[in-house]
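# Examining the three-dimensional arrangement
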Amino acid sequence: GVGLALCQRLLEEDGRIHLCIACRSVQKSEATRDLILATHPAAQVSTVEVDLGNLASVLRAAQELRCRFQRLDFVYLNAGIMPNPQVNFKALWHGLLTGKVLHMLTTAEGIMTQTDRLNGDGLQEVFTTNLFGHFILVRQLQSLLCGNEKPSRLIWTSSSNARESAFSLSDYQHAKGQESYSSSKYATDLTSVVLNRKFNNQGLYSSVVCPGLVMTNMTYRILPVFLWKLLMPIMWLIRFFAKTYTLTPYNGAEAHVWLFKQKPEYLDLLVKYHSCTTGLGRRYVEPRKLDVDEDTAEKLYQKLLELEKQTLEKYSELLD
């Protein structure tokens, strides 16, 4: 997926960096490490086991990282799930009739639904994996991210599917709806905005990116494989009209890599950076203003802090 492509592209930019790959599965992380070393044999690549949907796992991983590293320059917050995704064909047909089909195909607005569930911590699984697990990780790694000689960076993988209409402060875990992925990504945008307000003066900067429509394991679960095979030629054609159809993980990582080369002090922190591709395959990055309310961002942040307090009380034995 985008994570592997990102690792390979970062090493193409600077072979001296130390990459630490975080995966739920030890086997997967070791296999990923082997793939990276096959093309960059001199690279420094280590691994850490972490399941972002399991808060005890997040706390253990943070403790391990604090023991192993004195600082972190970049943290790419890329983990995400979309359980049981389904296409609302009725909504898609309506979009076709009303001339909104291109917008719907590029944002998935109104046509993608998911069925969420509670995880072992009693929290909504998508909310925890896509946002709250990352939030806890960042908070636990604060000592490695703040007060360094050079700024540290958080780069969240958001989505063009992040929509205010799918999010509610009164149901910020999205227990009552069927657009948990969209809600979690909008909450990601809000969280990035407020983290900048809180931590820029300590040398920590946060950005959000959208990789575009990328064909990964997550995408392939939306439709049967044979349908994707039939649709792929059409999708390559759509790319002439929909620049966010990046399609390959390598293209999808464009904005992530672009941010790696920027000085955060000069970035617009109320912008989402979109990976884009022309019809002929040229990659580029397009900044788009975030559709977020800073007051809502602050209120969500306070709710996350309260949930964090409950989490740390529950797992106090895992803290230093």
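The protein appears in an unreviewed UniProt entry as 3-keto-steroid reductase/17-beta-hydroxysteroid dehydrogenase 7 from Tachuris rubrigastra. In its Subcellular location (unreviewed entry) section, the UniProt record describing the protein reads: "Endoplasmic reticulum membrane". UniProt lists a comment for the protein under the heading Sequence similarities (unreviewed entry), and it reads "Belongs to the short-chain dehydrogenases/reductases (SDR) family. ERG27 subfamily."

This brings us to the environment of L131. Mapped onto the secondary structure, L131 falls in helix α6 (residues 125-140). Residues L131 and W156 lie 25 residues apart in sequence; the distance between their C-alpha atoms is 9.3 Å.

For S206, the position within the fold is in strand β7 (residues 204-210). In this structure the side chain of S206 is engaged in a polar contact, spanning 2.9 Å, whose partner is the side chain of W156. For S206, the contacting residues outside a window of four places in its chain are L154, W156, S192, L195, N196 and L269.

With that settled, the discussion passes to the nonpolar core. Among the nonpolar cores identified, the biggest contains 49 residues, and F132, L141, L145 and L154 are the most heavily contacted of them. When contributions to this core are tallied by element, the ones reaching two or more residues are α3 (55-68), β3 (74-77), α6, α7 (142-145), β6 (152-157), α8 (180-199), β7 and α13 (294-314). In contact with L141, not counting residues within four places along its chain, are A62, L65, R66 and L72. L10, A43, V257 and Y273 belong to the second-largest nonpolar core, a separate cluster that totals 25 residues.

Turning our attention to the packing of aromatic side chains. For the structure on display, the rule yields eight aromatic pairs. Residues F132 and F135 carry aromatic rings whose centres are separated by 6.2 Å and whose planes lie at 20° to one another, so their mutual orientation is stacked. Linking F132 with F135, this pair stays in helix α6, spanning three residues, or about one helical turn. A relative accessible area of 0% means that F132 is categorised as buried. An aromatic cluster is defined as three or more aromatic residues linked by ring pairs; in this entry it consists of F127, F132, F135, Y172 and Y301. In this structure, R9 is placed above the aromatic ring of Y250, and the distance from its NZ or CZ to the ring centre is 4.5 Å.

The element β6 is extensively covered by neighbouring structure, given that six of its six residues are classed as buried. In the sheet, β3 pairs with β6 via four bridges, with the strands oriented parallel. Within the sheet, the bridge partner assigned to F74 lies in β6 and is R153. Across six bridges, β6 lies against β7 in parallel orientation. Looking at β7, one finds that T157 is bridged to V209. In the classification by handedness, the crossover that spans β6, the intervening α8 and the parallel β7 is right-handed.

Basis of the calculations
Numbering of residues begins from 1 in every chain and follows the order in which that chain's sequence is written. Since the coordinates come from a predicted model, pLDDT governs what is reported: local features require at least 70, and pairs of side-chain atoms require 80 or more to be given and counted, while whole-chain, interface and lining totals use all residues. The side-chain numbers reported here are obtained from all heavy atoms of the structure, hydrogens and water having been left aside. UniProt positions are given in the numbering used here, feature names are shortened, and annotations may be inferred rather than shown by experiment. Only DSSP runs of H or I with at least four residues qualify as helices, and only runs of E with at least two residues qualify as strands; both kinds are numbered from the N terminus onward. Whenever two N or O atoms come within 3.5 Å, that pair is a polar contact, provided that in protein one can donate a hydrogen and the other can accept it, and provided that, for residues adjacent in sequence, both atoms are side-chain atoms. When checking whether two residues touch, look at their non-hydrogen atoms; a contact exists if any pair is within 4.5 Å. Working definition of a nonpolar core: buried Ala, Val, Leu, Ile, Met, Phe, Trp, Tyr and Cys residues. They are joined through side-chain atoms within 4.5 Å. Here the term buried applies to any residue with accessible area under 20% of the maximum for its type, exposed to any over 50%, and partly exposed to those in between, with areas from a 1.4 Å probe on protein chains only. Note on ring pairs: Phe, Tyr and Trp rings are taken, using the six-membered ring of Trp, and paired if centres are within 6.5 Å. Classes follow the plane angle, with under 30 degrees stacked, over 60 edge-to-face and the rest tilted. Placement of a charge over a ring requires the Lys NZ or Arg CZ to be within 6 Å of the ring centre, with the centre-to-atom vector within 35 degrees of the ring normal. Any two strands with at least two DSSP bridges between them are considered paired. The handedness rule is simple: strands pointing away from the viewer, and a clockwise path from the first strand over the helix to the second, make the crossover right-handed.

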